Amino acid sequence: MKLGALRETADGEQRVALTPDSAVQLQKLGYDCVIESGAGAAARFEDEAYRAAGVEVVDSAEALLETADIIARVRAPSDAEVAALPSGKKLISFLSPAQSPELLDALSAKNTSAIAMEMVPRISRAQKMDALSSMANIAGYRAVIEAGNQFGRFFTGQITAAGKVPPAQVLVIGAGVAGLAAIGTAQSLGAVVKAFDVRPEVAEQIESMGAEFVFLDFEEDGGGDGGYAAPSSPEFREKQLACFRELAPEIDIVITTALIPGRDAPKLWLDDMVAAMKPGSVVVDLAAEMGGNCDLTVKGDIVESANGVKVVGYTDFPSRMATQASTLYATNIRHMMTDLTPEKDGVPVWDMEDDVIRTSTVTHDGAVTFPPPPLKVQAQAKPQPKKVEPTAEERKAAELAAEQARGKQQIMLLCIGGALMWLVGAFAPPSFMQHFIVFVLSCFVGFQVIWNVSHSLHTPLMAVTNAISGIVILGALLQVGSDSGLVTFLASISVLIATINVVGGFMVTRRMLAMFQKS
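About the thresholds
Residues numbered from 1 in each chain as written. Predicted model: local features only at pLDDT ≥ 70, side-chain atom pairs only at ≥ 80, totals over all residues. Heavy atoms only, no water. Helix = DSSP H or I, 4+ residues; strand = E, 2+ residues; numbered from the N terminus. Rg over C-alpha atoms; globule rule 2.2 N^0.38 Å. Buried < 20%, exposed > 50% of the residue type's maximum accessible area, 1.4 Å probe, protein only. Contact = heavy atoms within 4.5 Å. Areas by Shrake-Rupley, 256 points an atom, 1.4 Å probe, with all protein chains shown as cover. Lys, Arg positive; Asp, Glu negative; His and termini not counted. Charge placed at Lys NZ, Arg CZ, Asp CG, Glu CD. Axes fitted to C-alpha atoms, helices over the stretch in contact; angles between N-to-C directions. Parallel < 35°, antiparallel > 145°, perpendicular 65-115°, else oblique. Left-handed = near helix turned anticlockwise from the far one by under 90°. Nonpolar A, V, L, I, M, F, W, Y, C, P; charged D, E, K, R; others polar. Patch = residues over 30% accessible without salt bridge, like charges linked within 9 Å, V, L, I, M, F, W, Y side chains within 5 Å. Salt bridge = Lys/Arg side-chain N within 4 Å of Asp/Glu carboxyl O. Pairing = 2+ DSSP bridges. Core = buried A, V, L, I, M, F, W, Y, C linked by side-chain atoms within 4.5 Å. Expected span 1.5 Å × (residues − 1). Polar contact = N/O pair within 3.5 Å; in protein donor to acceptor, adjacent residues only side chain to side chain.

Participant: Hey, could you run me through the overall build of the chain in this one?
Facilitator: The number of helices and strands found in the chain is 16 helices and 17 strands. For a compact globule of 519 residues, the expected C-alpha radius of gyration is about 24 Å, and the chain comes in at 37 Å, more than 25% above that figure. For the chain, the spread of C-alpha atoms along the three principal axes comes to 110 × 65 × 50 Å. Counting all 519 residues of the chain, 40% fall into the buried class. Across the chain, the fraction of contacts at a sequence separation of at least 24, relative to all contacts at a separation of at least 6, is 62%. For the chain, the accessible surface area stands at approximately 28400 Å², while carbon and sulfur atoms represent 59% of it. Looking at charge distribution, the chain has the averaged site of its 42 positive side-chain charges lying 7 Å from that of its 59 negative ones.

Participant: Hey, could you run me through the packing of helix α1 (residues 20–28) against helix α11 (residues 322–340) in this one?
Facilitator: The relative placement of two packed helices is expressed as an angle between their axes plus a distance between the axes. For the pair α1 and α11, the least separation of the axes is 9 Å and the interaxial angle reads 5 degrees. Taken as axis vectors, α1 and α11 run roughly parallel relative to one another. Contact with α1, carried on its side by S22, Q25 and L26, involves A330, R334 and M337 of α11 and no other residues of that element.

Participant: Help me understand the packing of helix α6 (residues 131–150) against helix α7 (residues 177–188) in this model?
Facilitator: Contact geometry for α6 and α7: axes closest at 7 Å, N-to-C directions at 35 degrees. Crossing handedness for the pair α6 and α7: right-handed. Every residue of α7 that contacts α6 at S133, A136, N137, G140, Y141, V144 and I145 is listed here: V177, A178, A181, A182, T185 and A186. Of the residues that constitute the contact of α6 with α7, the class distribution is nine nonpolar, four polar and no charged.

Participant: For this particular structure, what's the right way to read a nonpolar patch on the surface?
Facilitator: Side chains of M412, L413, I416, L420, W422, L423 and F427 sit close together on the surface and give an oily, nonpolar patch of about 870 Å² of accessible area. Here L413 is to be found in helix α13 (residues 392–427).

Participant: Looking at this structure, how should I read unusual backbone geometry?
Facilitator: Apart from glycine, the bulk of residues carry a negative phi angle, and the bulk of peptide bonds sit in the trans form. In this structure, the amide linkage connecting F370 to the following residue, P371, adopts the cis form with an omega of 0 degrees. As for its position among the elements, P371 is in the loop between β17 (367–368) and α13. Unlike most non-glycine residues, K344 shows phi in positive territory, near 55 degrees. Tracing the backbone through its elements, the reader meets K344 in the loop between α11 and α12 (355–360). The phi torsion at D365 lies on the positive side, around 55 degrees, for a residue other than glycine. With respect to the helices, strands and loops of the structure, D365 is situated in the loop between β16 (361–364) and β17. A relative accessible area of 60% places D365 in the exposed class.

Participant: Looking at this model, I keep getting lost on the sheet that holds strand β5 (residues 90–93). Mind explaining?
Facilitator: Across a sheet, strands are paired by hydrogen bonds formed along the backbone, either parallel or antiparallel in direction. Pairing is mixed across the open sheet formed by eight strands, whose spatial order is β3-β2-β1-β4-β5-β6-β16-β17. Two strands lie at the open edges of the sheet, namely β3 (56–58) and β17, each paired on one side alone. Those strands touched by α11 are β1 (2–5), β4 (70–72), β5 and β6 (113–116), and its axis lies near 140 degrees from that of β5.

Participant: Sorry, what's going on with the nonpolar core here?
Facilitator: One recurring pattern in soluble globular proteins: nonpolar side chains tend to sit buried together. Ranked by internal contacts, the top residues of the largest apolar core, which has 41 residues, are L18, I35, M117, Y329 and M337. The set of elements that each furnish at least two residues to this core consists of β1, α1, β2 (32–36), β4, α6, α11 and α12. Top element by residues in this core is α11. It accounts for seven residues. The residues contacting Y329, other than those within four sequence positions of it, are V16, A17, R73, V74, I92, S93, F94, M117, A131 and M135. Of all hydrophobic cores here, the second largest spans 32 residues; its members include A139, I183, A203 and I253.

Participant: Help me understand α7 in this model?
Facilitator: Given 3.6 residues per helical turn, the α-helix brings residues three or four places apart onto the same face. Under the 1.5 Å per step criterion, the end-to-end length of α7 is 17 Å for twelve residues, consistent within 8% with the ideal 16 Å. For α7, the complete set of buried residues consists of A178, G179, L180, A181, A182, I183, T185 and A186. Where α7 ends, the next residue or the one after it, G190, has phi of about 100 degrees, a positive value.

Participant: What am I meant to see in the environment of T361 here?
Facilitator: One can find T361 in strand β16. A relative accessible area of 1% means that T361 is categorised as buried. As a C-alpha pair, T361 and V193 span 168 residues in sequence and 39 Å in three-dimensional space. Those residues in contact with T361 that sit more than four places away from it in its chain are A114, I115, W350, M352 and T369. A polar contact of 3.0 Å, which involves the side chain of T361, links it to the side chain of W350.

Participant: Is there a simple way to explain the pattern of salt bridges in this structure?
Facilitator: Close approach of charged atoms allows side chains of opposite charge to pair. Summed over all chains, the structure comprises 19 salt bridges. The closest approach of N and O atoms between R73 and E8, which form a salt bridge, is 4.0 Å. Here R73 is found in the loop between β4 and α4 (79–84), whereas its partner E8 is found in the loop between β1 and α1, with 65 residues between them in sequence. Accessibility expressed as a relative area gives 8% for E8, which makes it buried. As a salt-bridge pair, K194 and E250 come within 3.5 Å of each other at their nearest N and O atoms. Residue K194 is located in strand β10 (residues 192–196), and its partner E250 is located in the loop between α9 (234–247) and β12 (253–256); the two are separated by 56 residues in the primary sequence. On the basis of relative accessible area, K194 is assigned to the buried category, the value being 10%. In this structure, a network of salt bridges that share partners links the residues E13, R15, R75 and E289.

In structure tokens form, the structure reads like this:
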């Protein structure tokens, strides 16, 4: 079969669904690739690069539609393009199925099997096909760049001979893929970054990137299905807006990313918040295509408020980085085709029992298959009961019980030891018992001496080894005056070796302490 990519006709769209590199990989799956002439030019992919990769280049969209069995696009086709689509073709594109029921009806009437790339489920196996995340990552990065283009100062703070420049204060609303990309970019440019999200579990991710998480003193978990946030309650929303009003006067740049697929964008940065911002501040609304998170957002344009705040409502952030965006999107499509072609024979298999394929497919066999059924969720382990912290009285009682248990254990060991000593003394000669008692007492005294050494100037390991060496030196000195020459020699060797260990330990300690001393 042939897979073809059309030139995008939407205003300002510069991306392309097929790159030379992705075409090489698709050919390994058994597909012949074809592209409309000039389709990749805006993304810096020339026709010659496609020909070098083995891609057939045709002169017109009509010729491609007649040639290709599978059509790959970025934007959803217009009514005229759907009318020109031959019956029985397969389509892979962004389709916005929740907002375009007429488009789905038209595609099903054409017996088109269509995959909507924004419907790829957010599960581990489908991450490589998640085009929404790929594009959101670019959009978050580009949003900060666009904000810097409209902002009249440095992001990072500077102290110069001409005066002090404070760092830009950036607030990112929504810490999904786009939000995290925006946080990382603004942080790397030197801004002071704050971030808010209705899902408290993302606080750790935000703080790990060096940003400050804006907490709300309100008990509500905003986590929803599919990795997206859930709609907030009216009470939570009022608390949220109050927090934003408090932050507005000190924030220089606001980047809003709050959007749930299939829903209108929630209004989070209201006109009174814009009015409270300083002149020259910037609001970048990544949800502009679905109505925007800001009251003043105009889709596809930049507006300036009465107090000099610019509100950026561009809807083509990924397209403004067309080469990178096309590369990632074409890779997502290639992975989708890998799942659709298990035999690598160039024949797609629409397995409607597969979670990823079924969820992504919006029309198939002449029928509309959107919305998809819920994902099959694996059985989860029973949640562990929440650990209850004991009270002070309970902790004290537990410590007393543990101490009593240790006392009973020591008495039991003492009794067993005494019984063993009596048993040995009943049969062993008196000279053996004398030496045996000295040995036991030595072990006890040595243990107490060694483990009670303070290691305030040592590491614990060095303190213990030096204490052992000290005991060895003490015992060896007592044996140096022995009548036996062999005992005297061995005792002297013991003193020498143990002394080397002690002196070496103190030298190492001195070097370690010197590391923390100011020169």
